[in-house]
Amino acid sequence: MKIVRTVRELREQVRGARAGGSARVGLVPTMGALHEGHISLVRAAQRDVDFVVMSIFVNPKQFTEASDLDGYPRQEEADAALAESAGVDVIFAPAASELYPEGFATNVHVGGSLTETLEAAGRGPQHFDGVATVVSKLLIAADPDAAYFGQKDAQQLLVVRRMVTDLGLPVEIVSCPTVRDSDGLAKSSRNVRLSDADRARALAIPRALEAAEAALALGETSTAALHARAAAVLSAAGIEPEYVACVDTHALEPVDVVDQPVLLAIAARVGEVRLIDNTLLTLPGAEAQLDPEEK
Ligand code: PAF
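Residues numbered from 1 in each chain as written. Predicted model: local features only at pLDDT ≥ 70, side-chain atom pairs only at ≥ 80, totals over all residues. Heavy atoms only, no water.

Draft legend 1. Up close: the pattern of salt bridges. Scanning the model with the defined rule gives 17 salt bridges in all. For Arg-18, the salt bridge identified is with Asp-145, shortest N-O distance 2.9 Å. Remark: Asp-145 occurs in the loop between helix H7 (126–142) and strand E5 (146–150) and Arg-18 occurs in helix H1 (residues 7–18); sequence separation between them is 127 residues. For Arg-18, a relative accessible area of 24% gives the class partly exposed. Among the residues examined, Asp-145 registers a relative accessible area of 26% and is labelled partly exposed. A salt bridge links Lys-187 to Glu-36; the nearest nitrogen and oxygen atoms lie 3.4 Å apart. You can see Lys-187 sitting in the loop between strand E6 (172–176) and helix H9 (196–202) and its partner Glu-36 sitting in helix H2 (residues 36–48), a full 151 residues away along the chain. One network of salt bridges, in which partners are shared, links Glu-36, Asp-181, Asp-183, Lys-187 and Arg-199. (Salt bridge = Lys/Arg side-chain N within 4 Å of Asp/Glu carboxyl O. Helix = DSSP H or I, 4+ residues; strand = E, 2+ residues; numbered from the N terminus. Buried < 20%, exposed > 50% of the residue type's maximum accessible area, 1.4 Å probe, protein only.)

If you want it as structure tokens, here you go:
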């Protein structure tokens, strides 16, 4: 496995992989601090493509709190070892100046409700500009056939899909299921910052999602009632959420009834750590997929 730092070297690697003619290239964009969630994206890529590029870049433009950026775990050596054992072909780990050279003045902004709600409310509207800008740069640099994103960051996935459609980028955006620890907590690079007590309390987040899923399975389709079930579980654990939202899966607008797939999304600070999680509420027999199409 090679580690490259410049776009030029990355392009050489991708060109080399495609030299035979038919090799398909996949991109797994990450900010490092790799865990099983990232490795599941690599596995998904390996099922589809011949050559897997992983980017590792803690993107300053998508952080709205300096303390969050400073505290973000950085462990390139351990990440490289894990990526290599997972069979990643090349890591692209650029310096900030490689992606944002002196005088950088371009911003990729996806407009509309997708970037005005949920995470945008908590993290500021510039968060998704930062994500869209860096992901477009990574896609242009790596020129992959497919790129892999986790459903845990459902809003990010939808924003990236919107951007790729709008800019006509020739890449398939693949949604991969959330990976959880055995106790249900969604894998996140931020989990290592939870104290033992807060980690135990954070389990209320997946339990809140499960409570809503269980109520739906028993026939409750009112999102107000499902919201109340989830909120009650959080409240019992002393967690005051930033949001608990039942929204559609294309524009992320609130919905009243589960008669189409509904994204139940939660964001909450547990101790110092901000966590997000979600589930797709679907009626029996409906496809549990984040909607790839614009409606
Ligand atoms: O999900 C992430 O880790 C980041 O938002 C991404 C997609 C790598 C862009 O910096």
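Draft legend 2. Representation of the sheet that holds strand E9 (residues 273–281). The three strands are arranged E7-E8-E9 in an open sheet whose pairing can be described as antiparallel. If you trace the sheet from one side to the other, it starts and ends with strand E7 (241–248) and E9, each paired once. Recorded for the sheet is a direction-independent mean angle of 10 degrees between the axes of neighbouring strands. Bridging between E7 and strand E8 (residues 262–270) involves seven bridges; their strand directions are antiparallel. Note that in E8 the partner of Cys-246 across the bridge is Leu-264. Where helix H11 (residues 223–236) meets the sheet, its contacts fall on E7, E8 and E9, and the angle it forms with E7 comes to roughly 155 degrees. (Pairing = 2+ DSSP bridges. Axes fitted to C-alpha atoms, helices over the stretch in contact; angles between N-to-C directions. Contact = heavy atoms within 4.5 Å.)

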